[in-house]
Amino acid sequence: MQLDREVTLVPGRSYAVAVQITNPAAATADAVQNIVTFSVQGLTAKITTDTVTLTKPLTTVPQQWDLYSFGETNKVIKPFRVLSISRDQDLRRKITCLEYIEEIYNEAGDIPEIPYSQLETTPEVNSVSVAEETFRQKDGTMMSILHAGWNVSRNAAVKSFNIYVSEDDGQTWRLWGNTTDTKLSVSGVKTQETYRVKVCTVNQLGIASPGIVSAGLYIAGKDVPPANIPHIYLTIDSADCTKITLTWDSVTDVDLRGYQVREGKAILTPTPIADTRYVYTATASRQHNFAVYAVDNSNNLSQVPATITQMITVHPAEVTSFSCTPQDTDRSKLIMTWAPNPETNIAHYEIRTGNDGWDTAAIVATQLKATTYTFQLSSEGYQTFMIKAVNTAGYVSRTACSQTKQIFLRPNSPTDFKAEQEAKDRSVVKLSFAASSGNDIAGYEIRLGAQWNTGTFVAFVTDTTYLYQATASARHRFMLKAKTVAGFYSNVANLNPNGYIDVFVNAYDIQGFTAIQFTNDRTRIRLMWDDPRSVDIAYYEIRQGPAWDEGVILGQRVVGTFFDTTVMLEEETRFWIKAVTIEGNYSQNAAGTPPAVFSLNPAPVSNIQVTQDPNDRSVLVITFDSTPESDIVGYEVRHGYTWDTAIVVGSTLEKRIEYRPAAGGDIKIMIKAKSAAGYYSDEVYNLVPYYARLEPQNVAGFIAVQNGEYVDLYWDRPAENDIVGYEIREGGSFHYGAIVVSGLTETHYRARLELERLYTYHIKAINRSNRYSLSAATAQMNAANLPPRNVAFSRDELFFQEGTHAHTLFGPSSINWQTAGGRWSDYPTSRWVDFGSHIVLKLDRQENGAYYPSGEYVSDALDVGKLTPVELAIRFVTTATAADQTIAVLQFRTSPNGLEWSTWAEFTPAQYYLRYLQLRVILSTETPDKSPEVNIFSTMVDAPDIERAGIQQVNIGGTDIEYGYTYLNEPVLTPTVIGAGLRYEITGKTASGFRAQIFDIATGNDVGGQMDWRAKGF
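Residues numbered from 1 in each chain as written. Predicted model: local features only at pLDDT ≥ 70, side-chain atom pairs only at ≥ 80, totals over all residues. Heavy atoms only, no water.

As annotated in an unreviewed UniProt entry, the chain carries the name Fibronectin type III domain-containing protein and comes from Acetonema longum DSM 6540.

This is how it looks when you write it as structure tokens:
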């Protein structure tokens, strides 16, 4: 229960909620509200919440905003005495109480009696008489006054008299007043009431006597009745026919108290009403007689009442046009309709069903506001439905409108129920039937078996056909029932005409199964069989083995009427086949082929021929005659002397194959034919090995001729067609010489001579397979009379020794007169400086004394001064040109700024655009006791000539003339004075210009003039 504010609950205490519950449907005033107390479920922890849990459910649910009181129970209740109750203008009441403490009021002991003196007896009056006085006031109101009088003895000690009045024959008394006179008037008495008066004497001590009571006096008031009511009117409420409104003309008597309304002998208003309108509620349909009297203050009725008679009907009329029709889309639903009653006070309609009248009939529906109702039927047969209208007063029609219907809930059975196997899939049984009548058929249930209750459920369908999947060949009994949307079934329909169908689902056995070996592929076997006898064959399964159950599956989902397979062994073989239907049902018996053995090896090739391609000697062309069989998938060709160790040349389907052997010499070719099954024929080879030379011819007619500062090299072109270029080297041998040019396609070449020395050139031809001539052709030329060079920079690495070593060092040469092998005649063109010197660059030794197998030396970066085109010439002499198994390679790289460098490359004399130059020497040896040596390692930078010229006016005193170019060194200057009798004098000269003066030869005076000058340098 959720409260409108939070409360705090403490564990171990009990709480309750008292709710003033309002009942809007209460019939009496006492039942409108009542207070109900509910116990609250206890907690294990203290909590503050606005929602509490009750210990038991509520019989009446409180409404929102009902008053409630929440608090702790089982507490001691303190009693209080109410002292006063007051009310303010807002109708709020204030109750003032005093706590009642019982001990205060308990007397602890006996109270002693005190012997007071006896008081004198107070005298009484002699007698009391009463009388009525009635009079009319100015406003016409009739008033009654009661007069009382008495006398007392002359000697009585009486101070005053207390007057009491009683309206209940002396049971209770009301003090009217105190007087010293012997009479008193009581005003405002009620008419038609009996009064008694009691007079008590009061003595000087204030003690009153018991008093003397008068006889009872009946106050009659006036006796003239009020005027009669002229007219009375009656109106029936159109919204509630039980509500009768009576109105009448008013009476103008000044003492009119009100009006008394009667219906028949029943007084409807025992207390007169002041209004001239009264609403009567009729409780029965009958003749009603109404009368209205005027009543005055003396309760006198008018002599003739105002009357009116009216026939009042409290029951609604009988319902009309009541019909009951089954719903078209659900026959279990009955659509009830009726015409609305003409009364406007109809509250609802009630429908009942039964065969013994309205009172005992079962209620179908009540509180119906509309004029239609859908009833859900549950049983078949004749049923009577009745309807009555109920008005707002709760009265129903006296007579029920009824309809009797015969109810049919089960649909008709389907007809023409039959079954047949599908031709394209005999495992499928097609069930068909004619639909049941009615638009509320939900579907049809199919079962399989002899009886419906014990049959196996097959399917529930909405169509009139169904495809049943049979799993075995057997007799099938199908049953069918129609079902409505409400779930009612029809009677069972059986198959026409016998009630069953015999279903055969297995595939038929295969006929005409044979095996044929291919002639073009001896491993391929074609299995063939006749067309199937039925159209529901999905595929075939083929096996190989002695029997079907022991066979290995070759084809699991074969379609068509043939199947190709392979045999890999020459052994007895049998094949088996079964057909499989679309549903996966096999033939009952497998068809097999007779046992057979199939031969697999192919025939060998013949007539092997080996030749070289004239345009590429590295390619061998191998031809042969193929085998006559058609199942050959290729020919495997090998090169060697035994098949297992031979090199695989390749496989081909043609009768020709090309082969590039790794080396020349005697070539033996072996060939085997290979069948489709992977079987090889016998080995066949060329009886006489073919000798193959793969290198090009040696170059002939090689000569070297000096042509100024160049050398011209000439040679004859070989006759072979596969030569693609030539390579020329300079040095002691071709193997260790420096490459001059490679890939040259012409038969002549011009190279620049850098130094005056003996040049030895070697040349080899290169063919398409990048093979070189077996022997190099050699030509020598002693360069002389070379023009002078502009040596801008030169450096001897063996002298400076400022580079970086990696397993190399500068040291004494290991070659001397004792270690140089051979005789002097073995070196006809060599000088001693080419073989050894005092300090050389060579490989360093390891800890074990052996030379490192390789090492390198990198020089410092050489700065030529500026970025400029230069001719590089390097004198690089090494013993590697004469010593076998050692190599010395010179590489270089250039840079325009010292930061960005080209890649390392082998040095070739040429012109380069650079500022910085760096050299690298790579040494290697194949024997640990021999190292290549660099005997001469000098670099020369030859700058090209730069020539500048001009004509300049020279002023008296001299003029500075710029070359327009800054040379590395001071250039050669050739000045000429223009004019006769003049001479020049150079007074200053730099790499970028000079200062000149012109003098008169005769006088020696500085006269100035024009000068023609020419500067040449680098």
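Continuing now.
Enquirer: Even after reading the chapter, I still don't get the overall build of the chain, so can you show me in this structure?
Expert: For the chain, the helix and strand inventory stands at two helices and 77 strands. Scaling as 2.2 N^0.38, a compact globule of 1018 residues should have a C-alpha radius of gyration of about 31 Å, whereas the chain reaches 74 Å, well beyond that. By its C-alpha atoms, the chain is 205 × 125 × 80 Å across when sized along the principal axes. Across the 1018 residues of the chain, 39% fall into the buried class. (Helix = DSSP H or I, 4+ residues; strand = E, 2+ residues; numbered from the N terminus. Rg over C-alpha atoms; globule rule 2.2 N^0.38 Å. Buried < 20%, exposed > 50% of the residue type's maximum accessible area, 1.4 Å probe, protein only.)

Enquirer: What is the right way to look at the side chain of Thr269 in this model?
Expert: By the element assignment, Thr269 lies in the loop between β19 (266-267) and β20 (277-281). You can call Thr269 buried: its relative accessible area is 4%. Within the local environment of Thr269, its side chain forms a polar contact with the backbone nitrogen of Val261, the two atoms lying 2.7 Å apart. (Polar contact = N/O pair within 3.5 Å; in protein donor to acceptor, adjacent residues only side chain to side chain.)

Enquirer: Would you take a moment to explain the nonpolar core for this structure?
Expert: Soluble globular proteins tend to bury their nonpolar side chains together. Judged by nonpolar contacts, the single largest core of 24 residues is most densely connected at Trp715, Ile728 and Tyr761. Within the residue set of this core, elements represented by two or more residues are β55 (700-707), β56 (710-716), β57 (723-730), β58 (738-744), β60 (758-767) and β61 (777-782). When residues in this core are grouped by element, the largest group, four residues, is from β60. Setting aside residues up to four positions removed in sequence, Tyr761 forms contacts with Phe702, Ala704, Val711, Leu713, Ile728, Arg729, Glu730, Val740, Leu753, Ala777, Thr778 and Ala779. The next biggest cluster of nonpolar side chains, apart from the first, holds 23 residues, and it includes Ile874, Ala888, Phe907 and Leu917. (Core = buried A, V, L, I, M, F, W, Y, C linked by side-chain atoms within 4.5 Å. Contact = heavy atoms within 4.5 Å.)

Enquirer: Would you mind going over the pattern of salt bridges with me for this structure?
Expert: Opposite charge on two side chains lets them pair, provided their charged atoms get close. Counting across every chain of the model gives 32 salt bridges. Of the charged contacts, one joins Arg752 and Glu709 as a salt bridge, the two residues approaching to 3.6 Å between their closest N and O atoms. Of the two residues, Arg752 sits in strand β59 (residues 748-752) while Glu709 sits in the loop between β55 and β56, which places them 43 residues apart along the sequence. On the accessibility criterion, Glu709 (22% relative accessible area) is partly exposed. A single salt-bridge network, built from bridges that share partners, covers Glu709, Arg752, Glu871 and Asp942. (Salt bridge = Lys/Arg side-chain N within 4 Å of Asp/Glu carboxyl O.)

Enquirer: Is there a simple way to think about the environment of Ala45 in this case?
Expert: Topologically, Ala45 is positioned in the loop between β3 (33-40) and β4 (47-51). Along the primary structure Ala45 and Leu9 are separated by 36 residues, whereas in three dimensions their C-alpha atoms are 8.3 Å apart. Apart from the residues within four sequence positions on either side, Ala45 is in contact with Leu9 and Pro11.

Enquirer: What is the right way to look at unusual backbone geometry in this model?
Expert: Among all residues except glycine, the phi angle is most often negative; among peptide bonds, the trans geometry is most common. Cis rather than trans, the peptide bond between Asn496 and Pro497 has omega equal to -5°. Topologically, Pro497 is positioned in the loop between β37 (493-494) and β38 (501-503). A positive phi is found at Asn770, a non-glycine position, where the angle reads about 65°. Of note, Asn770 is situated in the loop between β60 and β61. Phi is positive for Gln801, which is not a glycine, with a value near 50°. You can see Gln801 is positioned in the loop between α2 (797-800) and β63 (804-806).

Enquirer: Would you take a moment to explain the UniProt feature "domain: Fibronectin type-III" (unreviewed entry) in the chain for this structure?
Expert: Under the present numbering, the feature "domain: Fibronectin type-III" (unreviewed entry) in UniProt falls on residues 223-302, 316-384, 411-477 and 696-773. Counted over residues 316-384, helix gives 0% and strand 61%. Its end C-alpha atoms are 22 Å apart. Counting secondary structure, residues 411-477 comes out at 0% helix and 54% strand; the distance between its end C-alpha atoms is 22 Å. (UniProt positions renumbered as here; feature names shortened; annotations may be inferred.)

Enquirer: Help me understand the packing of aromatic side chains in this model?
Expert: The description of an aromatic ring pair uses the distance of the two centres, along with the angle that the planes make with each other. Taken as a whole and judged by the stated rule, the model has 28 aromatic pairs. Seen from their ring centres, Trp150 and Phe161 are 5.5 Å apart, and the 65° between their planes marks the pair as edge-to-face. Linking Trp150 in strand β9 (residues 142-151) with Phe161 in strand β10 (residues 160-166), this pair joins segments that are 11 residues apart in sequence. For Phe161, a relative accessible area of 4% gives the class buried. Aromatic pair Tyr963 and Tyr967: ring centres 5.9 Å apart, planes at 70°, arrangement edge-to-face. An identical accessibility class is assigned to Tyr963 and Tyr967; each is buried. Taken together, Tyr963, Tyr965, Tyr967, Phe994 and Trp1013 form an aromatic cluster joined through their ring pairs. Between the NZ or CZ atom of Lys668 and the centre of the ring of Tyr685, over which it lies, the distance is 4.2 Å. The ring of Tyr759 carries Arg757 above its face, with NZ or CZ at 3.9 Å from the centroid. (Phe/Tyr/Trp six-rings, centres within 6.5 Å; stacked < 30°, edge-to-face > 60°. Lys NZ or Arg CZ within 6 Å of the ring centre and 35° of its normal.)

Enquirer: Even after reading the chapter, I still don't get the sheet that holds strand β77 (residues 1009-1017), so can you show me in this structure?
Expert: Sheet strands pair via backbone hydrogen bonds, and the direction of the pair is either parallel or antiparallel. Ordered by their spatial adjacency, three strands build an open sheet running β72-β77-β74, and the pairing between neighbours is antiparallel. Each of the sheet's edge strands pairs with one partner strand only, and the pair in question is β72 (946-954) and β74 (972-978). Adjacent strand axes in the sheet meet at a mean angle of 15°, parallel and antiparallel pairs treated alike. For β72 and β77, the ladder comprises nine bridges, and the chain directions are antiparallel. Residue pairing for β77: Ala949 is matched across the bridge by Arg1014. (Pairing = 2+ DSSP bridges. Axes fitted to C-alpha atoms, helices over the stretch in contact; angles between N-to-C directions.)

Enquirer: Explanation requested: the environment of Trp65 in the structure shown.
Expert: Here Trp65 is to be found in the loop between β4 and β5 (68-72). Since its relative accessible area comes to 70%, Trp65 is described here as exposed. Between the alpha carbons of Trp65 and Leu843 there is a distance of 113 Å; along the sequence they are 778 residues apart.

Enquirer: I would appreciate a short explanation of the sheet that holds strand β47 (residues 616-625) in the present structure.
Expert: Here we have three strands laid out as an open sheet, ordered β46-β47-β50, and antiparallel in their pairing. The two strands at the open ends of the sheet, each matched to only one other strand, are β46 (606-613) and β50 (656-659). Each neighbouring strand pair of the sheet contributes to a mean axis angle of 20°, computed without reference to strand direction. Here four bridges tie β47 to β50, and the two strands are oriented antiparallel to one another.

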